[in-house]
2 protein chains.
Amino acid sequence: MTTAISDALALDSAAQDLLFREARTANAFTDEPVGDEQIQAIYDLVKHAPTAMNQQPLRVVLVRSPEGRERLLQHMNEGNRAKTAAAPLVAILAADNEFHEELPTQFPAVPQAKDFFAERPRREASARFNGALQAAYFILGIRAAGLAAGPMGGYDAAGVDKEFFGDGEHSVLMVVNIGKPGENASYPRGPRLSYDEVVTTV
Amino acid sequence: MTTAISDALALDSAAQDLLFREARTANAFTDEPVGDEQIQAIYDLVKHAPTAMNQQPLRVVLVRSPEGRERLLQHMNEGNRAKTAAAPLVAILAADNEFHEELPTQFPAVPQAKDFFAERPRREASARFNGALQAAYFILGIRAAGLAAGPMGGYDAAGVDKEFFGDGEHSVLMVVNIGKPGENASYPRGPRLSYDEVVTTV
């Protein structure tokens, strides 16, 4: 499914569909399992996408055990509980607020980069922002693997942080159900703002 | 360029390279102009990617006039000024902190969604987070158009906000140079955390 305007893109039309046009947020999944090798392939792809100063705050907790699922479900909003219980795989995406400790090895070009984040509020804000960029790349990576993502923001964030990290140094960004979309997996697609509502020129 | 692990992906290998593996942040560009029709095609693609409650806080200011470029340059950090002056096109990506006004039309499934963001701090945080997701999609959209992105965080944010919006309702997220990469456009790619440093299983 292409439109005339999509011809201006270098990305082939099948890839456009897979990542953006036909991909949809899923709320129901088939029973087909999602293997670790798929998540490895996703990470191996999306890890290349850019962040500020090569910051890499994103952390992923794969919830595979029944016990882990129960621990997560109690913190999910009620409306998200059934689908999170049923999804083949659930991933907790979080930001590591101590990411700056890695900058000496991850961004050696600027030796003082770590010091720039000496104050906790600044590095927490940066972890959240760059973690969000990485979460967006990760969602598209799930689609690149031929899977559907069901990202959710409805949970008790403090509860999830304490339950799965407990060190006060991680902040959950979103919880994502992952799998092959099942029957009636998606709501009708919502509207989008027009180009002229979003883009202006000076 | 594929690795064995990339075979686990549904996305074709050329698309993997275009968006992630071979694409690089660019600091130098050719003189080839970037037309409005390319930005339209990018938006028409990436607008489909998901956010929470179909929030669409992202706003894009294309800086095309010499006057607009001068107005921006004065707020850029010195290290970003020359490349921002020379790029074929510069886009200011910002979050509209009043995005909740659009929720009655953009997320009609939940009529009370707008009220959820009645308090400014909550909607500012949500605009920044979902705007970051949209900015990440936009960066990949630039690459999907066969162009290189040079996203920057080094500027006086309050200065940019006042200069280009002035209504107190928008917050700049990043400034992005856009064009075909020129000679020596990129630094050597930095390291990435390993899968085991990022992903755990419970």
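About the criteria used
- Residues numbered from 1 in each chain as written.
- Chains lettered and ligands numbered in written order.
- Predicted model: local features only at pLDDT ≥ 70, side-chain atom pairs only at ≥ 80, totals over all residues.
- Heavy atoms only, no water.
- Pairing = 2+ DSSP bridges.
- Helix = DSSP H or I, 4+ residues; strand = E, 2+ residues; numbered from the N terminus.
- Axes fitted to C-alpha atoms, helices over the stretch in contact; angles between N-to-C directions.
- Contact = heavy atoms within 4.5 Å.
- Buried < 20%, exposed > 50% of the residue type's maximum accessible area, 1.4 Å probe, protein only.
- Salt bridge = Lys/Arg side-chain N within 4 Å of Asp/Glu carboxyl O.
- Polar contact = N/O pair within 3.5 Å; in protein donor to acceptor, adjacent residues only side chain to side chain.
- Nonpolar A, V, L, I, M, F, W, Y, C, P; charged D, E, K, R; others polar.
- Least-squares fit on C-alpha atoms with pLDDT ≥ 70 in both.

K.L.:
Lay out the sheet that holds strand E4 (residues 170-179) of chain A in plain terms, naming residues and giving numbers.
P.N.:
Judged by pairing direction, the sheet is mixed, and its 5 strands sit side by side in the order E3(A)-E4(A)-E2(A)-E1(A)-E5(B) without closing on themselves. Both outer strands of the open sheet, strand E3 (148-152) of chain A together with strand E5 (199-201) of chain B, are each paired with one neighbouring strand and no more. This sheet shows a mean twist of 25° between the axes of neighbouring strands, independent of strand direction. Here helix H3 (residues 66-73) of chain A sits on the sheet in contact with strand E1 (58-63), strand E2 (89-96) and E4 of chain A, set at roughly 60° to E2 of chain A.

K.L.:
Describe the environment of Phe129 of chain B, listing the residues and the values that go with them.
P.N.:
Its place among the elements puts Phe129 of chain B in helix H6 (residues 120-144). Owing to a relative accessible area of 11%, Phe129 of chain B belongs among the buried residues under this scheme. Linking Phe129 of chain B and Val176 of chain B, residues 47 residues apart in sequence, is a C-alpha distance of 18 Å. Setting aside residues up to four positions removed in sequence, Phe129 of chain B forms contacts with Arg128, Ala132, Leu173 and Met174 of chain A.

K.L.:
Tell me about the interface of chain A and chain B, residues and numbers included.
P.N.:
Note on interface size: it is often stated as the accessible area lost on association of the parts. Taken residue by residue, the interface counts 72 residues in chain A and 72 residues in chain B. Taken together, chain A and chain B are joined by 2 salt bridges. Here Arg21 of chain B and Asp44 of chain A are joined by a salt bridge, their closest N and O atoms 3.4 Å apart. Joining chain A to chain B, the criterion identifies 32 residue pairs in polar contact (both at pLDDT 80 or more). At 11 residues, helix H6 (residues 120-144) of chain A tops the list of elements feeding residues into the side of chain A that touches chain B. Considering only residue class, the side of chain A that touches chain B consists of 41 nonpolar, 16 polar and 15 charged. When strand E5 (residues 199-201) of chain A meets strand E1 (residues 58-63) of chain B, the two strands line up parallel, connected through 3 bridges. Across the sheet, Thr200 of chain A pairs through a bridge with Val61 of chain B, a residue of E1 of chain B.

K.L.:
Quick one: what's the story with the relation of the copies chain A and chain B, residue by residue and with numbers?
P.N.:
The operation relating chain A to chain B is a screw motion whose rotation component is 180°, with 0.0 Å of axial translation and a residual RMSD of 0.0 Å. Both chain copies can therefore be described as sitting about a two-fold axis. The fraction of interface residues of chain A whose copies in chain B are also interface residues reaches 100%, indicating that both copies meet through the same surface.

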